[in-house]
Amino acid sequence: MVKKLTPQARDQFFADHPHWAPLDDRDAAKREILCDDFNQAFGLMTRIALYADKHDHHPEWFNVYNRVEITLTTHDAGGLSERDVAMAHFIDSLIG
């Protein structure tokens, strides 16, 4: 079973990933990404989906035209876990 991040590890996550913001209503992290157009947004989502499927960890997301909103949390752990840290690192490596 995947374990939820400790409070210290959670604080470190947000320090290491400044583009991600904590949610007020649950233990999760959110990032909004603006792309040049829908094609770029869809390409980004496709790359993330391939990674997510390979690692059996799928983000919650929402897309309208060039905007992609991604929420990371591990439902089995009841909040952020090392899986989310790895996913955020991968996403950040794609877009900076």
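These numbers were taken from a predicted model, which means no experiment stands behind them.

**Concerning helix α3 (residues 82-95)**
Here's step 1: Under the 1.5 Å per step criterion, the end-to-end length of α3 is 20 Å for 14 residues, consistent within 8% with the ideal 20 Å.
Here's step 2: Looking at α3, one finds that the buried residues are D84, M87, A88, I91 and D92. On an axial view of α3, the arc spanned by its buried residues comes to 135°, and they lie on one face. Relative to its buried face, α3 has exposed residues pointing more than 90 degrees away, namely E82, H89 and S93.
Here's step 3: Looking at the buried side of α3, the elements it contacts are α1 (7-16), β2 (29-34), α2 (38-55) and β4 (67-72).

**Let's talk about the packing of aromatic side chains**
Here's step 1: Counting across every chain of the model gives three aromatic pairs.
Here's step 2: Judged by centre distance (4.9 Å) and plane angle (80°), the ring pair of F13 and F14 falls under edge-to-face.
Here's step 3: Look at F13 and you get buried, because its relative accessible area is 3%.
Here's step 4: On the basis of relative accessibility, which here comes to 15%, the residue F14 falls in the buried class.
Here's step 5: Seen from their ring centres, F38 and F42 are 5.8 Å apart, and the 35° between their planes marks the pair as tilted. One end of the pair is F38 and the other is F42, both in helix α2 and four residues apart, which spans about a single turn.
Here's step 6: Given the relative accessible area of 38%, F38 is considered partly exposed.

Reading the values: the criteria
- Residues numbered from 1 in each chain as written.
- Predicted model: local features only at pLDDT ≥ 70, side-chain atom pairs only at ≥ 80, totals over all residues.
- Heavy atoms only, no water.
- Helix = DSSP H or I, 4+ residues; strand = E, 2+ residues; numbered from the N terminus.
- Expected span 1.5 Å × (residues − 1).
- Buried < 20%, exposed > 50% of the residue type's maximum accessible area, 1.4 Å probe, protein only.
- Arc of directions from axis to C-beta.
- Contact = heavy atoms within 4.5 Å.
- Phe/Tyr/Trp six-rings, centres within 6.5 Å; stacked < 30°, edge-to-face > 60°.

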